[in-house]
Amino acid sequence: MTKHFILVAALSLIAVAVSAQGLEYPVDVALDAKGVVFVVDHQAHALLKLEDGSLKVVAKGEGLPRTPLFGIRHIALDKQGRWVASDPATMKLYWIDAAGTITQVPDDDHFVTPWGVAVEASGAILAVDRVTHRLRRISPDGKVSDVADVQAPRAIFFDKEGAILVLTDTNLMKVGDDGKVEPVLESAPFEFPHDAVLHPNGNIYVTDGYARAIWQITPKGQVSTFVQGDPLKSPQGLAVDGQGNLIVADAHAKAVFQVSTKGEIKVLAQ
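Notes on the structure follow. (Residues numbered from 1 in each chain as written. Predicted model: local features only at pLDDT ≥ 70, side-chain atom pairs only at ≥ 80, totals over all residues. Heavy atoms only, no water.)

**Some thoughts on the layout of surface pockets**
There is about 740 Å³ of room inside the largest pocket. The wall of the largest pocket is formed by 28 residues, among which Ala 30, Leu 31, Ala 76, Leu 77 and Val 197 lie closest to the centre. Every element with two or more residues in the lining of the largest pocket is listed here: β1 (26-31), β5 (75-77), β9 (114-119), β13 (153-158), β17 (193-198) and β21 (235-240). A class-by-class count of the residues in the lining of the largest pocket yields 21 nonpolar, 2 polar and 5 charged. (1 Å grid on protein atoms, 1.4 Å probe; cavity = no way out; pocket = protein on both sides within 12 Å on 5 of 7 lines; lining within 4 Å. Points joined across faces, edges and corners; volume = space filled by probe spheres on them. Helix = DSSP H or I, 4+ residues; strand = E, 2+ residues; numbered from the N terminus. Nonpolar A, V, L, I, M, F, W, Y, C, P; charged D, E, K, R; others polar.)

In structure tokens, the structure reads:
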């Protein structure tokens, strides 16, 4: 029996196990260029994709401390079609390609808890660090720099002009080209926000685990509840599909939900 056959067999068994057991603790979702939904399962130490109505393993860590994907948290698609994954447990970022190969993103060893990630139009990787309260950039040539100081950062995304927005524990912050950080909202009702996304309709949506809600923020900064309560238990990762539906990873419901533009919720995966 060849090593290649053993590896393929092992990966097949992993995929079967995930399908049989379902999601354990989904914390993030994102879509690739074709609109396929990818799911981060924190407790399974895995990146999964939703294909033909079932979850399949793209990459899975060993599940041991100090090994890749042990604490996988957020993902973002880079310009080469690879996923950039943050892993605060190992203090690293990783690339995951279509074949499931996991490669460490070179850095300056100054990340402590890399959390939210995003990729700029230039191909540079942005990542926030929850402990050092910094927004950092890794350029395509591998240079690492500090962009701004941001208190309690969680997620990164961009506004319609391409400016950097950072979701924090208490507000949305806009980061200027000079590194100056300013609040977007005069006040925010967030209890325990996790992720945020700019919708094609111009609104920003924010998941909130404690409030069991998704907040809606208009371009004028007006905040309201978009959806709240069952079946949402702890909505975390957030994305938008090609039809304008919100795709939500709910860690405590152990599910991925689709929320229509009218607020109708249905299960995509469990």
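**Some points on the sheet that holds strand β20 (residues 223-228)**
The strand order across the open sheet formed by 4 strands is β17-β18-β19-β20, and the pairing between neighbours is antiparallel. The open sheet terminates on both sides in strands that have one partner only, identified here as β17 and β20. Strand-to-strand twist of the sheet, defined as the mean angle between neighbouring strand axes without regard to direction, takes the value 25 degrees. Two elements, β17 and strand β18 (residues 204-208), share 4 bridges in a ladder whose sense is antiparallel. Residue pairing in the sheet places Pro 193 in a bridge with Asp 208 of β18. (Pairing = 2+ DSSP bridges. Axes fitted to C-alpha atoms, helices over the stretch in contact; angles between N-to-C directions.)

**Observations regarding the pattern of salt bridges**
Scanning the model with the defined rule gives 14 salt bridges in all. Its salt-bridge partner being Arg 136, residue Asp 108 comes within 2.7 Å of it at the nearest N-O pair. Residue Asp 108 is located in the loop between β8 (102-104) and β9, and its partner Arg 136 is located in strand β11 (residues 134-138); the two are separated by 28 residues in the primary sequence. Its relative accessible area of 26% is what places Asp 108 among the partly exposed residues. A salt bridge links Asp 169 to Arg 154, with the shortest nitrogen-to-oxygen separation between them at 2.8 Å. Here the residue Asp 169 occupies a position in the loop between β14 (164-168) and β15 (172-175), and Arg 154 occupies one in strand β13, the gap between them amounting to 15 residues. Its relative accessible area of 4% is what places Arg 154 among the buried residues. The network of salt bridges with shared partners includes Asp 108, Arg 134, Arg 136 and Asp 146. (Salt bridge = Lys/Arg side-chain N within 4 Å of Asp/Glu carboxyl O. Buried < 20%, exposed > 50% of the residue type's maximum accessible area, 1.4 Å probe, protein only.)

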